[in-house]
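The chain contents come next:
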Amino acid sequence: MMTGDKQAVTSRRRVLAAAALAPVLAGAGPASARTASDGTMVKPVITTESDWAPVANVLGRSGNLLRGMTYHTPYPRDDLRVVVEGGIVIKPELALGAHVAFVRYADGGTMCMGDVAVTEKELQGVIDVWQANGIAVTALHKHLPAHRPDMWWVHVHGHGQDEKEELALAKGVRAGFDRTGIPPATPSGPPSPVALDAAGIDAALGAKGSSDGVVYKAVFARRETIFDGHLVLPSGLGATSAFIFQPLGNGRAALSGDCVMLAEEVQNVLGALRRGGIKLVELHNHHLTESPRLFFTHFWAVGDAVELAKALRPAVDATNVVPTSGV
């Protein structure tokens, strides 16, 4: 980046930070956006994709901006052939995706979160690299039932105080990714429909899903404002339920995903999933300091896609979520 461009980006960030912080300091806005146990809350600021060019350069690939606040970069595990019980080969889009998201805040800081699929052999070395670079591990769990090769999913978290630390976060995340077999990014064409009854799935779930040409996906976000420590999380970041269907032919699908819950919702959701014949894989947290406290369950099922969606609906209805077109 040229010096003039860098100064312009820095200046713009200061303007955005000042503008977004002003109502918080002045006591304006809803109480939930500015009140926490320590009396302070910091909100995210609107950015553009061009604002994230330095981060994209460090990460070595471009991302996309979600809802004007969350800069999201995917790292699909196209290098792996993972097979689940019954001989089903998992598409990366179903359950082998890795991603990292960055958000800038009104105090000039940046937060990053990620969910990364790694092999058993990669796991310890990747964690060591992240810890050496100040990237915290906040969850370690499974997304799939019995499968080969053995996979783990690692949630990571970091926070920087300024532009320099933001790039340090990106470098730390990249250092961990470089210890995996994640291949370089490849261009993709426009998404196409998948061989599933999308309208039937939508009707069953009460939400409009989307296709990337490989899987069909429906996403729901928590209605509450979620805080991570003193930071307000953008809607849909780290607090979503995702239901993903991989076509298997003749209207059948492999179902994977996770459901986000408050503590008082957990047992109702688990019971609803089991009554629908859906297998439970994990129950865990993704964060360390979020409020309200969130729990996530990963699940698995194989069957008629529309019937699977109908089986999911009671679990959706047991949680305080709203459909979203975001990912």
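For the structure itself, consult the block above.
Here the structure is a predicted model, which means the values were calculated and not measured.

*Asks:* Describe in detail the overall build of the protein, supporting the description with residues and values.
*Replies:* Across its full length, the protein holds eight helices and 19 strands. The burial tally for the protein puts 50% of its 327 residues in the buried class. Sequence-distant contacts, at least 24 apart, represent 66% of the contacts inside the protein between residues at least 6 apart. As displayed, the protein has an accessible area near 14300 Å², and 54% of this comes from carbon and sulfur atoms.

*Asks:* Before we move on, can you summarise the sheet that holds strand β7 (residues 136-141) with the specific residues and values?
*Replies:* Taken in spatial order, the six strands line up as β1-β2-β5-β6-β9-β7 in an open sheet, and their pairing is antiparallel. Both edges of this open sheet fall to β1 (64-66) and β7, since each of them pairs with a single strand only. Within this sheet the neighbouring strands show an average axis-to-axis angle of 20°, counted without direction. In the sheet, strand β6 (residues 110-119) pairs with strand β9 (residues 151-160) via 10 bridges, with the strands oriented antiparallel. When the sheet's bridge partners are listed, D115 is paired in β9 with H155. Packing of helix α4 (residues 120-132) onto the sheet brings it into contact with β6, β7 and β9, and relative to β6 it is tilted by some 155°. Set on the sheet, helix α5 (residues 163-177) makes contact with β5 (99-104), β6 and β9; between it and β5 the angle comes to about 175°.

*Asks:* Go over the pattern of salt bridges, please, and point to the residues and values.
*Replies:* One pass over the full model with this rule turns up 12 salt bridges. R77 is the partner of D79 in a salt bridge, and the nearest nitrogen-oxygen pair spans 2.8 Å. Overall, R77 belongs to the buried group, its relative accessible area being 0%. In this structure, D150 engages R148 in a salt bridge whose closest nitrogen and oxygen atoms are separated by 2.9 Å. Residues joined in a network through salt bridges with shared partners are R77, D79 and E122.

*Asks:* Any details on the nonpolar core? Residues and values, ideally.
*Replies:* Membership of the largest hydrophobic core comes to 49 residues, with the highest contact counts inside it found for I201, L205, F245 and L312. Per-element accounting of this core gives the leading share, eight residues, to helix α8 (residues 305-317). Among the nonpolar cores identified, the runner-up in size contains 25 residues, and A56, V100, C112 and I135 belong to it.

*Asks:* Account for the pairing of strand β14 (residues 240-249), with residues named and values stated.
*Replies:* Counting buried residues along β14, seven of its 10 residues qualify, which places the element largely inside the surrounding structure. Pairing analysis gives six bridges linking strand β11 (residues 216-222) to β14, with the strands arranged antiparallel. Of the residues in β14, the one forming a bridge with Y216 is F245. Once β14 ends, the chain turns through two residues before running back antiparallel as strand β15 (residues 252-261), passing N250 with a positive phi of about 60°.

*Asks:* I'd like to hear about the environment of C112, residue by residue, with values.
*Replies:* Inspection of the secondary structure assignment puts C112 in strand β6. The exposure class of C112 is buried, given its relative accessible area of 0%. Along the backbone, C112 and L169 are 57 residues apart, and their C-alpha atoms lie at a distance of 7.5 Å.

*Asks:* Can you tell me about the layout of surface pockets, naming the residues and giving the values?
*Replies:* Here the second largest pocket is characterised by a volume of approximately 220 Å³. Surrounding the second largest pocket, 16 residues form its lining, T225, V232, L233, P234 and S235 being those nearest its centre. Residues of the lining of the second largest pocket, tallied by class, amount to nine nonpolar, three polar and four charged.

*Asks:* I'd like a description of unusual backbone geometry, backed by residues and values.
*Replies:* Residue R148 is joined to P149 through a cis peptide bond whose omega torsion reads -5°. In the segment running from S291 into P292, the intervening peptide bond is cis, with an omega of -5°. One can find P292 in the loop between β17 (290-291) and β18 (295-304). Even without a glycine there, the phi angle at R67 is positive, about 55°. For R67, a relative accessible area of 39% puts it in the partly exposed group.

*Asks:* Give a description of the pairing of β5 that names residues and reports values.
*Replies:* Judged by how many residues are buried, β5 sits mostly within the fold: five of six residues are covered. Summarising the sheet, strand β2 (residues 70-74) and β5 pair through four bridges and their orientation is antiparallel. Bridge pairing in β5 links T73 to V100. Inspection of the sheet shows β5 paired to β6 by six bridges, in the antiparallel sense.

Rules and cut-offs
- Residues numbered from 1 in each chain as written.
- Predicted model: local features only at pLDDT ≥ 70, side-chain atom pairs only at ≥ 80, totals over all residues.
- Heavy atoms only, no water.
- Helix = DSSP H or I, 4+ residues; strand = E, 2+ residues; numbered from the N terminus.
- Buried < 20%, exposed > 50% of the residue type's maximum accessible area, 1.4 Å probe, protein only.
- Contact = heavy atoms within 4.5 Å.
- Areas by Shrake-Rupley, 256 points an atom, 1.4 Å probe, with all protein chains shown as cover.
- Pairing = 2+ DSSP bridges.
- Axes fitted to C-alpha atoms, helices over the stretch in contact; angles between N-to-C directions.
- Salt bridge = Lys/Arg side-chain N within 4 Å of Asp/Glu carboxyl O.
- Core = buried A, V, L, I, M, F, W, Y, C linked by side-chain atoms within 4.5 Å.
- 1 Å grid on protein atoms, 1.4 Å probe; cavity = no way out; pocket = protein on both sides within 12 Å on 5 of 7 lines; lining within 4 Å.
- Points joined across faces, edges and corners; volume = space filled by probe spheres on them.
- Nonpolar A, V, L, I, M, F, W, Y, C, P; charged D, E, K, R; others polar.

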